[in-house]
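Architecture at a glance
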Amino acid sequence: GSVSSSLCTDAEAVGACVRFAEDHRMLIEPACGAALAALYSERLREELLAAIPPEGPIVVEVCGGSGVNLDLLAAWKEEFLS
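Residues numbered from 1 in each chain as written. Predicted model: local features only at pLDDT ≥ 70, side-chain atom pairs only at ≥ 80, totals over all residues. Heavy atoms only, no water.

With respect to helix α4 (residues 70–81)
- Over its 12 residues, α4 runs 15 Å from end to end, which matches the ideal 16 Å to within 8%, given 1.5 Å per residue.
- Looking at where α4 begins, the residue whose side-chain oxygen comes 3.0 Å from the main-chain nitrogen of Asp71 is Asn69. (Helix = DSSP H or I, 4+ residues; strand = E, 2+ residues; numbered from the N terminus. Expected span 1.5 Å × (residues − 1). Polar contact = N/O pair within 3.5 Å; in protein donor to acceptor, adjacent residues only side chain to side chain.)

Right under this line is the structure:
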């Protein structure tokens, strides 16, 4: 296979954390949010889907959240999404 990479902003990573919490009621750290930004950010989704073959599954590993609580998520949201 091949490997492609992309960069996301802090706001996209935190936005993915917030959306994932709303969708799945699970808290994750922004490092994990960076991977999920590829799914939640329209800009990244279009960029990455254009770079991969259309066949086969897409897998995103979700991990990390033991250091997150609602107050911390709210602070990130205030800092990066306001």
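Re unusual backbone geometry
- The residue Arg25 is not glycine, and still its phi comes out positive at about 55°.
- Secondary-structure assignment places Arg25 in the loop between α1 (10–24) and α2 (30–40).
- Accessibility expressed as a relative area gives 69% for Arg25, which makes it exposed. (Buried < 20%, exposed > 50% of the residue type's maximum accessible area, 1.4 Å probe, protein only.)

Some thoughts on the packing of α1 against α4
- Running from N to C, α1 and α4 cross one another at 140°; their axes reach a closest spacing of 9 Å. By the criterion of interaxial angle, the relationship of α1 to α4 is oblique. The way α1 lies across α4 gives a crossing that is left-handed. Of the residues in α4, those touching α1 at Asp10, Ala11, Val14, Gly15, Cys17, Val18 and Ala21 are Leu73, Trp76, Lys77, Phe80 and Leu81. (Axes fitted to C-alpha atoms, helices over the stretch in contact; angles between N-to-C directions. Parallel < 35°, antiparallel > 145°, perpendicular 65-115°, else oblique. Left-handed = near helix turned anticlockwise from the far one by under 90°. Contact = heavy atoms within 4.5 Å.)

Any functional reading would require information beyond the geometric quantities listed.
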